[in-house]
Amino acid sequence: MDNYVISGRETLGIEFGSTRIKAVLIDENCNPIASGDHVWENRFENGYWTYHLEDVWCGLQHAYAKLNEDVLAKYGVKIKELSSIGFSAMMHGYLPFDKNGNLLAEFRTWRNTTTEKAAAELTALFGFNIPQRWSIAHLYQAVLNGEEHVSSVSYLTTLAGYVHWKLSGEKVLGVGDASGMFPIDSESGGYNEEMLDKFSGIEAVKQYKWNIRDILPNVLNAGENAGTLSASGALLLDPSGTLEPGVLMCPPEGDAGTGMAATNSIAVKTGNVSAGTSIFAMIVLNHPLSDVYEEIDMVTTPAGKPVAMVHCNNCCTDLDYWVGIFSEFACASGSCLSKPQIYDLLYNKALEGASDCGGIVNYNYFSGEPVAHLQDGRPLFARTQNAEFNLANFMRSQIFSAMATLKIGMEILEKEHVEIDCLMGHGGLFKTKFVGQKLMAGAMNTPVAVMETAGEGGAWGISVLARYAAESNGKTLDDFLNDKVFNKYNSYAVQPDEKDVSGFKEYMRLYKAGLAVQKAAAENI
């Protein structure tokens, strides 16, 4: 890439993650050539996990500016023209707007567990699982709460849909992200008409002038034209005025869809597990499930294929705090180890631990966890009196804790005989080579592979989807990914180790037994 010349045929992908907004620029062959990012954090205000909208735009502009700095340093110019752009973000949540485009309530993110009554009633009405995170659950809970703003709702969207709307003027959403707002009919590719009718028929909903069909974004499949970057949108993204408008935009997607694209996990019997602030597994189904499970979300790939999703609110946050403590100690002792080096040291130490963590158990619940049927969370570390309490077992329990709730949901798919050839891993848990991959393979009792591109994550995934929109040429998304993108990237699969499999089973026995302690901690601390 040393002799690469910026031509204007590049594609940009930007993803709003839970803790980082990342921008990735790729060339015509989908190779990453530059990147930039911005760190941000959610806030807990007025009983809701939220981000302020001004933080969305400041973060977007900062990430794009850092990308431009990288491009300037490498290639001597700034970005002026682009072939296509894509935006993705955390799925689900609640962003209601009035007819003038004003936000009517705080942005209620996926992390909130405040819609239990609405989710349960809609699940019973639809005969289809509606998780607490879903946009329709948030809307209906606001109806049940009698919240004043509901009468003024004119548009409801996700974070990715909001950014796309403001930059293009188009009220659209990719089918994968839309499937976390309202159930999708995989045959038609749009929202489920029967369920739309059932929602409209609820007495409490009938009092409002709006119709659910009119306030949801239009659904688009991967590869479809989702509009172009407007002049005002170009200035929102690049206040310097260098970036030219008119750039093709692909359908905005959720982080689940970009994870599937980034790991080539959109074909039947493929799956991926994303492990960062939250952890979720996406399995493209080879047959329908026999029942409705509140632990399993039914969503879609960016191309509309049915997917079983196990989504857990908590993953690496608690683990990161513990690594921070060790980093602080290292600094106090005069050590020159960097935080990434400390991560690698501690992760590798976990491989030396007892297969079952030696009587140590950790609960990583910063927030409520619907898969474990817990409304609230408190990080909690416990051990038996005769536990083998050492650093290796401690770190192994931390990593196992990040996977434990996911396993509860995956056990349901095992009973449903859902076939998985291999899980593709990506996200922070897999940054240290081999460790997270090996322990995940044992925990899920299935091969786990990590690709060379795993470090680029969802931002690269949405840039690839934007590239597909620019040059699909009649190809299916499967063919495009196989022929254009992943034919040049290597992946390495780790097979389950029987000791890890049996050890994790024993850890889960203790983990499940102690969930009552976690519940009591949340109620009393």
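Above this text you will find the structure in question.
Quick summary incoming for the structure in this document. (Residues numbered from 1 in each chain as written. Predicted model: local features only at pLDDT ≥ 70, side-chain atom pairs only at ≥ 80, totals over all residues. Heavy atoms only, no water.)

**With respect to the overall build of the chain**
Along the chain, the regular secondary structure elements total 18 helices and 21 strands. In terms of overall dimensions, the chain is globule-like: its C-alpha atoms have a radius of gyration of 22 Å, near the 24 Å expected for 525 residues. Taken along its principal axes, the extent of the C-alpha atoms in the chain is 65 × 65 × 45 Å. In the chain, which comprises 525 residues, the proportion classed as buried is 60%. Contacts in the chain between residues far apart in sequence, at least 24 positions, make up 72% of those at least 6 positions apart. For the chain, the accessible surface area stands at approximately 20,300 Å², while carbon and sulfur atoms represent 49% of it. Of the side chains in the chain, 40 bear a positive and 62 a negative charge, and the two mean positions are spaced by 2 Å. (Helix = DSSP H or I, 4+ residues; strand = E, 2+ residues; numbered from the N terminus. Rg over C-alpha atoms; globule rule 2.2 N^0.38 Å. Buried < 20%, exposed > 50% of the residue type's maximum accessible area, 1.4 Å probe, protein only. Contact = heavy atoms within 4.5 Å. Areas by Shrake-Rupley, 256 points an atom, 1.4 Å probe, with all protein chains shown as cover. Lys, Arg positive; Asp, Glu negative; His and termini not counted. Charge placed at Lys NZ, Arg CZ, Asp CG, Glu CD.)

**Structural notes on the state of the cysteines**
The tally for this structure, following the rule as stated, stands at 0 disulfides. Residue cysteine 315 stays outside any disulfide, its sulfur separated by 3.7 Å from that of cysteine 316, the closest cysteine. Classification of cysteine 315 by relative accessible area gives buried; the value is 2%. Cysteine 331 provides the cysteine sulfur closest to cysteine 336, a residue in no disulfide bond, and the two sulfurs are 11 Å apart. (Disulfide = S-S within 2.5 Å.)

**Quick look at the sheet that holds strand β14 (residues 279–284)**
The 7 strands are arranged β15-β16-β14-β13-β19-β20-β21 in an open sheet whose pairing can be described as mixed. In this open sheet, the two edge strands, each paired with only one partner strand, are β15 (297–300) and β21 (491–494). Averaged over all neighbouring strand pairs, the angle between strand axes comes to 30°, with direction disregarded. Judged from the 5 bridges that link them, strand β13 (residues 270–275) and strand β19 (residues 422–426) form a sheet pairing that is parallel. Its bridge partner being in β19, valine 273 is matched across the sheet by glycine 425. Relative to the sheet, helix α10 (residues 255–262) contacts β13, β14, β15, β16 (306–312), β19 and β20 (448–451), its axis offset from that of β14 by approximately 65°. (Pairing = 2+ DSSP bridges. Axes fitted to C-alpha atoms, helices over the stretch in contact; angles between N-to-C directions.)

**Overview of empty space enclosed by the protein**
Overall, the coordinates contain 3 cavities of 30 Å³ or more when judged by the stated rule. In this structure, the largest cavity encloses a volume near 50 Å³. In terms of lining, the largest cavity is formed by Met90, Met91, His92, Trp110, Asp255, Ser278, Phe280, Met309 and His311. (1 Å grid on protein atoms, 1.4 Å probe; cavity = no way out; pocket = protein on both sides within 12 Å on 5 of 7 lines; lining within 4 Å. Points joined across faces, edges and corners; volume = space filled by probe spheres on them.)

**Observations regarding helix α6 (residues 193–200)**
Listed in full, the buried residues belonging to α6 are Met195, Leu196 and Phe199. Considered in projection along α6, the buried side chains sweep an arc of 105° and stay on one side of the axis. Buried residues along α6 sit in contact with α2 (116–126), α3 (135–145), α7 (203–206) and α8 (212–215). (Arc of directions from axis to C-beta.)

**A look at the pattern of salt bridges**
Counted under the stated rule, the structure contains 28 salt bridges. For the salt bridge of arginine 213 with glutamate 193, the shortest nitrogen-to-oxygen distance reads 2.6 Å. With a gap of 20 residues between them, arginine 213 in helix α8 and glutamate 193 in helix α6 connect regions that are remote in the sequence. Given the relative accessible area of 46%, glutamate 193 is considered partly exposed. Salt bridges linked by common partners bring Arg396, Lys438, Asp497 and Asp500 together as one network. (Salt bridge = Lys/Arg side-chain N within 4 Å of Asp/Glu carboxyl O.)

**A look at the layout of surface pockets**
Considered as a void within the structure, the largest pocket measures approximately 1,300 Å³ in volume. The wall of the largest pocket is formed by 42 residues, among which Thr19, Gly276, Thr277, Gly428 and Lys431 lie closest to the centre. Among the residues making up the lining of the largest pocket, the classes are represented as 12 nonpolar, 19 polar and 11 charged. There is about 380 Å³ of room inside the second largest pocket. Taken together, 23 residues line the second largest pocket, and the ones lying closest to its centre are Phe128, Leu285, Leu289, Met298 and Pro306. Sorting elements by how many residues they give to the lining of the second largest pocket places β15 first, with 3 residues. For the lining of the second largest pocket, a count of residues per class yields 13 nonpolar, 8 polar and 2 charged. (Nonpolar A, V, L, I, M, F, W, Y, C, P; charged D, E, K, R; others polar.)

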